[in-house]
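Analysis of the macromolecular model
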Amino acid sequence: MEVKAFYWKGDYLLLLDQRKLPQEEVWLELRDHIQVAQAIINMSVRGAPAIGCVAAYGFVLGVKRGVDPREVYEVLKSTRPTAYNLFWALDRMLSALSSGKDIEQEAQLIEREDYEANKRIGELGNELIPEGARLLTHCNTGALATAGWGTALGVIRTAHYSGKGISVWVDETRPYLQGARLTAWELLKEGVPHKLITDSTAGFLMKKGLVDLVIVGADRITAVGDVANKIGTYSLSVLAKEHGVPFYVAAPSSTFDLSTRSGEDIPIEERGEEEVKNCFGAAIAPGDTPALHLAFDVTPAENITAIITERGIIKPVNEESIQRCLS
Ligand SMILES: CSC[C@H]1O[C@H](OP(=O)(O)O)[C@H](O)[C@@H]1O
(Lines give C-alpha, C1' and ligand atoms only; values in the text may rest on other atoms or scores of the structure.)
Protein backbone atom coordinates (compact mmCIF):
# COMPACT_ATOMS: atom_id res chain seq x y z
CA MET A 1 0.00 0.00 0.00
CA GLU A 2 1.33 3.44 -0.95
CA VAL A 3 2.48 5.78 1.82
CA LYS A 4 -0.07 8.53 2.61
CA ALA A 5 0.34 11.53 4.90
CA PHE A 6 -3.40 12.15 5.40
CA TYR A 7 -6.91 10.83 4.71
CA TRP A 8 -10.08 12.98 4.44
CA LYS A 9 -12.87 11.39 6.46
CA GLY A 10 -15.74 13.77 5.73
CA ASP A 11 -15.99 15.35 9.17
CA TYR A 12 -12.34 15.17 10.18
CA LEU A 13 -8.88 14.88 8.69
CA LEU A 14 -6.81 11.85 9.67
CA LEU A 15 -3.20 13.00 9.71
CA LEU A 16 0.02 11.04 10.19
CA ASP A 17 2.06 12.90 12.82
CA GLN A 18 5.42 13.19 11.04
CA ARG A 19 7.09 14.44 14.21
CA LYS A 20 6.88 10.88 15.55
CA LEU A 21 8.44 9.17 12.53
CA PRO A 22 10.38 6.97 12.08
CA GLN A 23 9.89 5.49 15.55
CA GLU A 24 6.08 5.60 15.68
CA GLU A 25 3.16 5.87 13.28
CA VAL A 26 0.74 8.08 15.22
CA TRP A 27 -2.45 9.32 13.54
CA LEU A 28 -4.18 12.53 14.62
CA GLU A 29 -7.89 13.32 14.13
CA LEU A 30 -8.15 17.01 13.23
CA ARG A 31 -11.72 18.28 13.55
CA ASP A 32 -11.43 22.03 13.00
CA HIS A 33 -9.31 24.61 11.20
CA ILE A 34 -7.48 25.56 14.38
CA GLN A 35 -6.24 22.00 14.85
CA VAL A 36 -5.18 21.90 11.20
CA ALA A 37 -3.35 25.22 11.55
CA GLN A 38 -1.54 23.95 14.62
CA ALA A 39 -0.51 20.78 12.78
CA ILE A 40 1.02 22.86 9.98
CA ILE A 41 2.79 25.21 12.40
CA ASN A 42 4.29 22.41 14.53
CA MET A 43 5.18 20.39 11.40
CA SER A 44 3.08 17.37 12.20
CA VAL A 45 2.51 17.77 8.48
CA ARG A 46 5.06 19.48 6.24
CA GLY A 47 6.02 19.65 2.61
CA ALA A 48 4.65 22.32 0.30
CA PRO A 49 2.02 20.29 -1.59
CA ALA A 50 0.90 18.40 1.53
CA ILE A 51 0.51 21.71 3.39
CA GLY A 52 -1.67 22.99 0.54
CA CYS A 53 -3.88 19.89 0.56
CA VAL A 54 -4.23 19.83 4.35
CA ALA A 55 -5.00 23.56 4.50
CA ALA A 56 -7.73 23.04 1.92
CA TYR A 57 -9.37 20.44 4.17
CA GLY A 58 -8.84 22.75 7.16
CA PHE A 59 -10.79 25.39 5.25
CA VAL A 60 -13.64 22.91 4.75
CA LEU A 61 -13.68 22.00 8.45
CA GLY A 62 -13.79 25.64 9.53
CA VAL A 63 -16.48 26.74 7.08
CA LYS A 64 -18.62 23.66 7.81
CA ARG A 65 -18.54 24.64 11.49
CA GLY A 66 -19.95 28.05 10.56
CA VAL A 67 -16.77 30.06 11.14
CA ASP A 68 -16.42 33.17 8.96
CA PRO A 69 -14.57 31.95 5.82
CA ARG A 70 -12.26 34.98 5.84
CA GLU A 71 -11.28 34.17 9.43
CA VAL A 72 -10.63 30.53 8.51
CA TYR A 73 -8.60 31.67 5.51
CA GLU A 74 -6.46 34.06 7.57
CA VAL A 75 -5.81 31.56 10.37
CA LEU A 76 -4.57 28.93 7.91
CA LYS A 77 -2.70 31.46 5.76
CA SER A 78 -0.69 32.63 8.78
CA THR A 79 0.77 29.19 9.57
CA ARG A 80 3.97 29.18 7.46
CA PRO A 81 5.22 31.91 5.08
CA THR A 82 7.33 30.21 2.41
CA ALA A 83 5.51 27.32 0.72
CA TYR A 84 3.45 28.87 -2.07
CA ASN A 85 1.12 25.85 -2.31
CA LEU A 86 -0.48 26.96 0.96
CA PHE A 87 -1.59 30.29 -0.47
CA TRP A 88 -2.46 28.80 -3.85
CA ALA A 89 -4.74 26.22 -2.20
CA LEU A 90 -6.44 28.68 0.18
CA ASP A 91 -7.07 31.20 -2.60
CA ARG A 92 -8.58 28.41 -4.68
CA MET A 93 -10.83 27.32 -1.80
CA LEU A 94 -12.03 30.88 -1.15
CA SER A 95 -12.74 31.31 -4.85
CA ALA A 96 -14.62 28.00 -4.96
CA LEU A 97 -16.77 29.07 -2.01
CA SER A 98 -17.45 32.46 -3.58
CA SER A 99 -18.55 30.85 -6.83
CA GLY A 100 -20.91 28.47 -5.07
CA LYS A 101 -18.89 25.30 -5.67
CA ASP A 102 -18.91 22.38 -3.25
CA ILE A 103 -15.78 23.18 -1.21
CA GLU A 104 -15.37 19.61 0.03
CA GLN A 105 -15.24 18.42 -3.56
CA GLU A 106 -12.79 21.23 -4.39
CA ALA A 107 -10.43 20.13 -1.60
CA GLN A 108 -10.66 16.54 -2.81
CA LEU A 109 -9.92 17.76 -6.35
CA ILE A 110 -6.82 19.60 -5.11
CA GLU A 111 -5.63 16.39 -3.48
CA ARG A 112 -6.34 14.26 -6.56
CA GLU A 113 -4.71 16.76 -8.91
CA ASP A 114 -1.57 16.85 -6.77
CA TYR A 115 -1.27 13.08 -6.75
CA GLU A 116 -1.76 12.91 -10.52
CA ALA A 117 0.75 15.73 -11.02
CA ASN A 118 3.32 13.81 -8.98
CA LYS A 119 2.85 10.70 -11.09
CA ARG A 120 3.35 12.80 -14.26
CA ILE A 121 6.41 14.50 -12.76
CA GLY A 122 7.77 11.02 -12.03
CA GLU A 123 7.24 9.93 -15.65
CA LEU A 124 8.80 13.04 -17.16
CA GLY A 125 11.64 13.14 -14.64
CA ASN A 126 12.45 9.47 -15.22
CA GLU A 127 13.43 10.35 -18.80
CA LEU A 128 16.35 12.31 -17.32
CA ILE A 129 17.61 9.48 -15.11
CA PRO A 130 20.38 7.30 -16.58
CA GLU A 131 20.54 3.55 -15.90
CA GLY A 132 22.27 2.86 -12.58
CA ALA A 133 22.33 6.53 -11.64
CA ARG A 134 23.45 7.54 -8.16
CA LEU A 135 21.09 10.34 -7.16
CA LEU A 136 21.45 12.72 -4.24
CA THR A 137 18.40 14.26 -2.64
CA HIS A 138 17.74 16.70 0.21
CA CYS A 139 14.94 16.87 2.76
CA ASN A 140 11.75 14.90 2.11
CA THR A 141 9.83 15.29 -1.11
CA GLY A 142 7.93 12.02 -1.04
CA ALA A 143 4.42 10.86 -0.27
CA LEU A 144 4.78 12.48 3.15
CA ALA A 145 5.32 15.90 1.55
CA THR A 146 2.51 15.66 -0.98
CA ALA A 147 -0.86 14.03 -1.73
CA GLY A 148 1.12 10.89 -2.51
CA TRP A 149 4.00 9.47 -4.63
CA GLY A 150 6.12 12.62 -4.26
CA THR A 151 7.90 15.17 -6.39
CA ALA A 152 11.68 14.63 -6.42
CA LEU A 153 11.14 11.39 -4.54
CA GLY A 154 8.38 10.64 -7.03
CA VAL A 155 10.97 10.77 -9.81
CA ILE A 156 13.19 8.49 -7.72
CA ARG A 157 10.27 6.06 -7.14
CA THR A 158 9.40 6.00 -10.85
CA ALA A 159 13.03 5.40 -11.84
CA HIS A 160 13.29 2.59 -9.28
CA TYR A 161 10.09 0.86 -10.35
CA SER A 162 11.03 1.23 -14.02
CA GLY A 163 14.02 -1.01 -13.24
CA LYS A 164 16.82 1.51 -13.76
CA GLY A 165 18.84 0.18 -10.85
CA ILE A 166 19.25 3.62 -9.26
CA SER A 167 20.54 4.32 -5.76
CA VAL A 168 20.06 7.35 -3.55
CA TRP A 169 22.29 9.38 -1.29
CA VAL A 170 19.89 10.77 1.34
CA ASP A 171 20.93 14.03 3.03
CA GLU A 172 19.90 13.83 6.67
CA THR A 173 18.78 17.48 6.38
CA ARG A 174 19.51 19.21 9.66
CA PRO A 175 17.93 20.42 11.85
CA TYR A 176 14.50 18.80 11.40
CA LEU A 177 16.03 15.69 9.79
CA GLN A 178 13.38 15.20 7.11
CA GLY A 179 15.90 13.12 5.16
CA ALA A 180 17.01 10.85 7.99
CA ARG A 181 13.57 10.47 9.54
CA LEU A 182 11.22 10.61 6.55
CA THR A 183 12.97 9.99 3.22
CA ALA A 184 14.93 7.04 4.59
CA TRP A 185 11.66 5.68 6.06
CA GLU A 186 9.88 5.95 2.71
CA LEU A 187 12.77 4.43 0.70
CA LEU A 188 13.31 1.58 3.16
CA LYS A 189 9.60 0.69 3.05
CA GLU A 190 9.83 0.24 -0.71
CA GLY A 191 13.28 -1.31 -0.95
CA VAL A 192 14.86 1.56 -2.88
CA PRO A 193 18.67 1.29 -2.49
CA HIS A 194 19.89 4.26 -0.49
CA LYS A 195 22.45 5.43 2.02
CA LEU A 196 21.93 8.13 4.62
CA ILE A 197 24.66 10.78 4.75
CA THR A 198 25.32 13.86 6.80
CA ASP A 199 24.62 17.07 4.88
CA SER A 200 28.33 17.89 4.96
CA THR A 201 29.22 14.67 3.10
CA ALA A 202 27.50 15.67 -0.15
CA GLY A 203 30.28 17.84 -1.54
CA PHE A 204 33.01 15.26 -1.00
CA LEU A 205 30.89 12.58 -2.69
CA MET A 206 30.54 14.87 -5.72
CA LYS A 207 34.29 15.50 -5.76
CA LYS A 208 34.88 11.74 -5.71
CA GLY A 209 32.56 11.33 -8.71
CA LEU A 210 29.99 9.34 -6.73
CA VAL A 211 26.98 11.54 -7.52
CA ASP A 212 25.44 11.46 -11.00
CA LEU A 213 22.73 14.04 -10.34
CA VAL A 214 21.03 16.00 -7.59
CA ILE A 215 17.23 16.15 -7.45
CA VAL A 216 15.29 18.22 -4.90
CA GLY A 217 11.83 19.65 -4.35
CA ALA A 218 10.64 23.24 -4.04
CA ASP A 219 8.50 25.34 -1.79
CA ARG A 220 8.19 28.35 -4.05
CA ILE A 221 9.42 29.03 -7.57
CA THR A 222 9.45 32.60 -8.91
CA ALA A 223 8.61 33.88 -12.39
CA VAL A 224 12.31 33.79 -13.37
CA GLY A 225 12.96 30.36 -11.85
CA ASP A 226 14.57 31.16 -8.51
CA VAL A 227 13.69 28.34 -6.11
CA ALA A 228 13.03 28.46 -2.38
CA ASN A 229 13.60 25.08 -0.79
CA LYS A 230 14.86 23.51 2.40
CA ILE A 231 17.93 25.14 3.91
CA GLY A 232 21.02 23.52 2.42
CA THR A 233 19.62 23.35 -1.11
CA TYR A 234 21.50 26.45 -2.27
CA SER A 235 24.78 25.00 -0.97
CA LEU A 236 24.09 21.77 -2.87
CA SER A 237 23.48 23.75 -6.07
CA VAL A 238 26.84 25.52 -5.73
CA LEU A 239 28.63 22.22 -5.11
CA ALA A 240 26.84 20.63 -8.07
CA LYS A 241 27.84 23.53 -10.32
CA GLU A 242 31.46 23.28 -9.15
CA HIS A 243 31.57 19.56 -9.93
CA GLY A 244 29.53 19.57 -13.14
CA VAL A 245 26.70 17.53 -11.58
CA PRO A 246 23.20 18.11 -13.06
CA PHE A 247 20.90 19.83 -10.52
CA TYR A 248 17.17 19.17 -10.96
CA VAL A 249 14.15 20.60 -9.17
CA ALA A 250 10.86 18.70 -9.25
CA ALA A 251 7.65 20.57 -8.43
CA PRO A 252 4.01 20.83 -9.52
CA SER A 253 2.71 23.99 -11.22
CA SER A 254 0.97 24.89 -7.92
CA THR A 255 4.40 25.76 -6.47
CA PHE A 256 5.03 28.55 -8.97
CA ASP A 257 4.47 32.10 -7.70
CA LEU A 258 4.49 34.12 -10.94
CA SER A 259 3.66 37.31 -9.04
CA THR A 260 7.17 37.23 -7.53
CA ARG A 261 10.17 37.70 -9.81
CA SER A 262 13.28 37.51 -7.68
CA GLY A 263 14.06 34.86 -5.13
CA GLU A 264 15.24 37.71 -2.92
CA ASP A 265 11.56 38.60 -2.46
CA ILE A 266 10.47 35.19 -1.19
CA PRO A 267 9.62 35.27 2.54
CA ILE A 268 12.01 32.89 4.29
CA GLU A 269 10.62 31.22 7.39
CA GLU A 270 12.68 31.58 10.54
CA ARG A 271 11.83 28.91 13.07
CA GLY A 272 12.65 28.65 16.78
CA GLU A 273 16.21 28.34 17.99
CA GLU A 274 15.26 25.24 19.98
CA GLU A 275 14.94 23.22 16.76
CA VAL A 276 18.65 23.87 16.12
CA LYS A 277 19.86 23.41 19.68
CA ASN A 278 17.86 20.27 20.38
CA CYS A 279 17.54 17.08 18.39
CA PHE A 280 14.16 15.57 19.20
CA GLY A 281 14.50 15.92 22.92
CA ALA A 282 18.28 15.75 23.26
CA ALA A 283 20.09 19.04 23.84
CA ILE A 284 23.03 19.30 21.43
CA ALA A 285 24.15 22.81 22.37
CA PRO A 286 24.40 24.86 25.56
CA GLY A 287 20.97 26.21 26.42
CA ASP A 288 22.18 29.81 26.43
CA THR A 289 23.83 29.61 23.04
CA PRO A 290 22.03 31.84 20.53
CA ALA A 291 21.05 30.08 17.29
CA LEU A 292 19.77 31.11 13.87
CA HIS A 293 17.23 28.80 12.22
CA LEU A 294 16.42 29.72 8.64
CA ALA A 295 14.13 26.96 7.40
CA PHE A 296 14.68 27.66 3.68
CA ASP A 297 17.16 29.19 1.27
CA VAL A 298 16.96 30.35 -2.33
CA THR A 299 18.69 28.73 -5.30
CA PRO A 300 19.12 31.06 -8.28
CA ALA A 301 17.78 29.90 -11.63
CA GLU A 302 21.28 29.84 -13.13
CA ASN A 303 22.26 27.04 -10.73
CA ILE A 304 19.39 24.79 -11.88
CA THR A 305 19.75 22.43 -14.85
CA ALA A 306 16.00 21.92 -15.27
CA ILE A 307 12.71 22.11 -13.39
CA ILE A 308 10.46 19.06 -13.81
CA THR A 309 6.75 19.85 -13.67
CA GLU A 310 3.62 17.88 -14.58
CA ARG A 311 3.24 20.17 -17.61
CA GLY A 312 6.71 19.56 -18.95
CA ILE A 313 10.41 20.04 -18.29
CA ILE A 314 11.61 23.63 -18.02
CA LYS A 315 15.08 23.95 -19.52
CA PRO A 316 16.82 26.33 -19.61
CA VAL A 317 15.35 27.78 -16.45
CA ASN A 318 14.24 31.33 -17.25
CA GLU A 319 11.12 33.46 -17.44
CA GLU A 320 10.42 32.64 -21.07
CA SER A 321 10.68 28.86 -20.66
CA ILE A 322 8.56 28.98 -17.52
CA GLN A 323 5.83 30.95 -19.25
CA ARG A 324 5.97 28.61 -22.23
CA CYS A 325 5.64 25.54 -20.02
CA LEU A 326 2.93 26.82 -17.69
CA SER A 327 0.76 28.62 -20.25
C1 LIG B 1 7.51 18.27 -2.12
S2 LIG B 1 7.99 19.79 -1.55
C3 LIG B 1 8.70 19.40 -0.02
C4 LIG B 1 9.55 20.54 0.48
O5 LIG B 1 9.05 21.00 1.75
C6 LIG B 1 10.09 20.82 2.69
O7 LIG B 1 10.09 21.79 3.68
P8 LIG B 1 9.36 21.46 5.08
O9 LIG B 1 9.70 20.04 5.43
O10 LIG B 1 9.95 22.48 6.04
O11 LIG B 1 7.89 21.70 4.84
C12 LIG B 1 11.35 20.90 1.86
O13 LIG B 1 11.66 22.22 1.50
C14 LIG B 1 10.95 20.07 0.67
O15 LIG B 1 11.73 20.22 -0.47
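Residues numbered from 1 in each chain as written. Predicted model: local features only at pLDDT ≥ 70, side-chain atom pairs only at ≥ 80, totals over all residues. Heavy atoms only, no water.

Named according to an unreviewed UniProt entry, the chain is Methylthioribose-1-phosphate isomerase originating from Hydrogenivirga caldilitoris. You can read under Pathway (unreviewed entry) in the UniProt record for the chain the words "Amino-acid biosynthesis; L-methionine biosynthesis via salvage pathway; L-methionine from S-methyl-5-thio-alpha-D-ribose 1-phosphate: step 1/6." As its UniProt record puts it under Catalytic activity (unreviewed entry), the chain is described as follows: "5-(methylsulfanyl)-alpha-D-ribose 1-phosphate = 5-(methylsulfanyl)-D-ribulose 1-phosphate". (UniProt positions renumbered as here; feature names shortened; annotations may be inferred.)

Of regular secondary structure, the chain possesses 11 helices and 16 strands. A principal-axis box enclosing the C-alpha atoms of the chain has dimensions of 60 × 50 × 40 Å. A buried classification covers 58% of the 327 residues belonging to the chain. For the chain, contacts bridging at least 24 residues in sequence account for 73% of all contacts bridging at least 6. As presented, the chain carries roughly 13,100 Å² of accessible surface, and 52% of it is formed by carbon and sulfur atoms. (Helix = DSSP H or I, 4+ residues; strand = E, 2+ residues; numbered from the N terminus. Buried < 20%, exposed > 50% of the residue type's maximum accessible area, 1.4 Å probe, protein only. Contact = heavy atoms within 4.5 Å. Areas by Shrake-Rupley, 256 points an atom, 1.4 Å probe, with all protein chains shown as cover.)

Time to look at the UniProt feature "binding site: substrate" (unreviewed entry) in the chain. Using the residue numbers shown here, the UniProt feature "binding site: substrate" (unreviewed entry) corresponds to Arg46, Gly47, Ala48, Arg80, Gln178, Asn229 and Lys230. Of the residues annotated just before, the largest cavity has Arg46, Gly47, Ala48, Arg80, Gln178, Asn229 and Lys230 among its lining. Along the chain, the position of Arg80 falls in the loop between α3 (69-77) and α4 (84-98). On the basis of relative accessibility, which here comes to 6%, the residue Arg80 falls in the buried class. (1 Å grid on protein atoms, 1.4 Å probe; cavity = no way out; pocket = protein on both sides within 12 Å on 5 of 7 lines; lining within 4 Å.)

This part takes up the environment of Ala218. Relative to the elements of secondary structure, Ala218 occurs in the loop between β7 (213-216) and β8 (220-222). Take Ala218: its relative accessible area is 9%, and that puts it in the buried class. Considered as a pair, Ala218 and Val298 are 80 residues apart in the sequence and their alpha carbons are 9.7 Å apart. Excluding its chain neighbours within four sequence positions, the residues that come into contact with Ala218 are Ala48, Val227, Ala228, Asn229, Val249, Ala250, Ala251 and Thr255.

Residues annotated by UniProt as "active site" (unreviewed entry) correspond here to Asp219. In this structure, Asp219 sits in the loop between β7 and β8. By relative accessible area, Asp219 is classed as buried at 8%. Beyond its immediate chain neighbours, meaning those up to four positions away, Asp219 contacts Ala48, Thr82, Ala83, Tyr84, Asn85, Ala228, Asn229, Lys230, Thr255 and Phe296.

Take helix α6 (residues 152-161) next. Burial within α6 is extensive, with 8 of its 10 residues counted as buried. Taken together, the buried positions of α6 are Ala152, Leu153, Gly154, Val155, Ile156, Arg157, Thr158 and Ala159. Immediately beyond the C-terminal end of α6, within one or two residues, lies Gly163, with a positive phi of roughly 80°.

Per the domain assignment, the segments making up the chain are domain 1 (6-115) and domain 2 (121-326). In this structure, domain 1 and domain 2 have C-alpha centres spaced 23 Å apart. With both chains or domains summed, domain 1 and domain 2 bury close to 2,400 Å², and 54% of this area falls on carbon and sulfur atoms. The largest per-residue losses of area from domain 1 upon contact with domain 2 belong to Arg46, Thr82 and Tyr84, which jointly make up 27% of the total buried on that side. In this structure, the connection of domain 1 to domain 2 is made through 2 salt bridges. Lys189 is the partner of Glu25 in a salt bridge, and the nearest nitrogen-oxygen pair spans 3.8 Å. (Domains from an automatic or database assignment. Buried area = accessible area lost by both parts, 1.4 Å probe. Salt bridge = Lys/Arg side-chain N within 4 Å of Asp/Glu carboxyl O.)

Positionally, Thr141 belongs in the loop between β4 (134-137) and α6. Among all residues touching Thr141, those that are not within four sequence positions of it are Thr146, Gly150, Thr151, Ala152, Leu153, Gly154, Thr183, Val216 and Gly217.

Here the focus is the site of the ligand. In the vicinity of the ligand there are 19 residues, among which Gly47, Arg80, Asp219, Asn229 and Lys230 approach most closely. Here Arg80 contributes a side-chain N or O atom positioned 2.8 Å from an oxygen atom of the ligand. In this structure, an oxygen atom belonging to the ligand sits 2.5 Å away from a side-chain N or O atom of Asn229. Relative to its free-state accessible area of 400 Å², the ligand is covered by the protein chains to the extent of 100%. The cavity where the ligand resides is the largest cavity. By residue class, the composition of the shell around the ligand is 7 nonpolar, 8 polar and 4 charged. Split by domain, the shell around the ligand shows at least three residues from each of two domains, domain 1 (6-115) and domain 2 (121-326). (Near = heavy atom within 4 Å. Polar contact = N/O pair within 3.5 Å; in protein donor to acceptor, adjacent residues only side chain to side chain. Sits in = over half its atoms within 2 Å of the grid points. Nonpolar A, V, L, I, M, F, W, Y, C, P; charged D, E, K, R; others polar.)

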